[in-house]
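Coordinate inspection notes
Spelled out from the first residue to the last, the chains are:
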Amino acid sequence: MEIKVLDFTGRWCSTCIVLDKILKSEIIPKYKNKVKFIKVDVDDINDLTKKYEILSIPTLIILKNDKEIWRKSSSIAKEEIAKELDKIISN
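Residues numbered from 1 in each chain as written. Predicted model: local features only at pLDDT ≥ 70, side-chain atom pairs only at ≥ 80, totals over all residues. Heavy atoms only, no water.

**Re the overall build of the chain**
Heads up, the condition is: The helix count covers DSSP runs of H or I at least four residues long, the strand count covers runs of E at least two residues long, and both are numbered beginning at the N terminus. C-alpha atoms define the radius of gyration in this analysis, and the globule rule sets the expected value at 2.2 Å times the number of residues to the power 0.38.
Scanning the chain for helices and strands turns up three helices and four strands. If you list the helices and strands of the chain from N to C, you get β-α-β-α-β-β-α. What you see for the chain is a C-alpha radius of gyration of 12 Å, in line with the 12 Å of a compact globule of 91 residues. By its C-alpha atoms, the chain is 35 × 25 × 20 Å across when sized along the principal axes.

**Section: the pattern of salt bridges**
Cut-off, in case you're wondering: A pair is scored as a salt bridge if a Lys or Arg side-chain nitrogen falls within 4 Å of a carboxyl oxygen belonging to Asp or Glu. Think of it in three bands: residues with accessible area under 20% of the maximum for their type are buried, residues over 50% are exposed, and the middle band is partly exposed, with areas taken using a 1.4 Å probe on protein chains only.
In total, this model carries ten salt bridges according to the counting rule given. Linking glutamate 26 and lysine 78 is a salt bridge whose minimum nitrogen-to-oxygen distance equals 3.0 Å. Note that glutamate 26 is positioned in helix H1 (residues 14-31) and lysine 78 in helix H3 (residues 78-90), a separation of 52 residues in sequence. Looking at lysine 78, the relative accessible area reads 29%, which means it is partly exposed.

**A few points about unusual backbone geometry**
Of note, the amide linkage connecting isoleucine 57 to proline 58 takes the cis form, showing an omega dihedral of 0 degrees. Backbone geometry places glutamate 53, a non-glycine residue, at a positive phi of 50 degrees. With respect to the helices, strands and loops of the structure, glutamate 53 is situated in the loop between helix H2 (46-51) and strand E3 (59-64). One non-glycine residue, serine 74, lies in positive phi territory at about 80 degrees. Within the secondary structure, serine 74 sits in the loop between strand E4 (67-73) and H3. Serine 74 gets classed as partly exposed once you look at its relative accessible area, which sits at 45%.

**Let's talk about the pairing of E3**
For clarity, the cut-off: DSSP bridges decide pairing: two strands pair if at least two such bridges lie between them.
Of all six residues in E3, five are buried; the element is thus mostly enclosed. In this sheet, E3 lies alongside strand E1 (residues 3-9) in antiparallel orientation, the contact comprising six bridges. Each bridged residue has a counterpart across the sheet, and for valine 5 the counterpart in E3 is isoleucine 62. The pairing of E3 with E4 spans six bridges and is antiparallel. Each bridged residue has a counterpart across the sheet, and for leucine 60 the counterpart in E4 is lysine 72.

**Quick look at H3**
Let me state the cut-off plainly: Expected helix span is taken as 1.5 Å per residue step, with the number of steps being one fewer than the number of residues. What the arc covers is the set of directions going from the helix axis to the C-beta atoms.
The first and last C-alpha atoms of H3 sit 18 Å apart over 13 residues, in line with the 18 Å expected at 1.5 Å per residue. The set of residues buried in H3 consists of Ile81, Ala82, Glu84, Leu85 and Ile88. Along the axis of H3, the buried positions cluster into a sector of 165 degrees, meaning they face one direction only. Counted as exposed and oriented over 90 degrees from the buried face of H3: Glu79, Lys83 and Ser90.

Written out as structure tokens, the structure reads:
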């Protein structure tokens with residue numbers, strides 16, 4: 001089982017900067033051995049942005065075996081991210 005978190009972000013997006021700090025300080029350290037985290041700057045990697053039809057940022061997408069199983073845009077609480085990852089990892 002492979003779990004990935006795609007973090008669609010932009011350098012100019014203030015909400016993205018806040019989410020990035022949460023991911024780096026609390027989420028990635030907790031799940032780094034179980035989940036692969038991929039940061040996607042929407043200004044640099046247009047293929048993935050188009051593939052996943054990203055309309056707003058920040059957007060987090062969780063993939064399990066390359067199938068999208070969770071998506072959330074805008075402000076995302078660390079508890080919500082952790083709850084989803086815990087649920088996916090335990091299934």
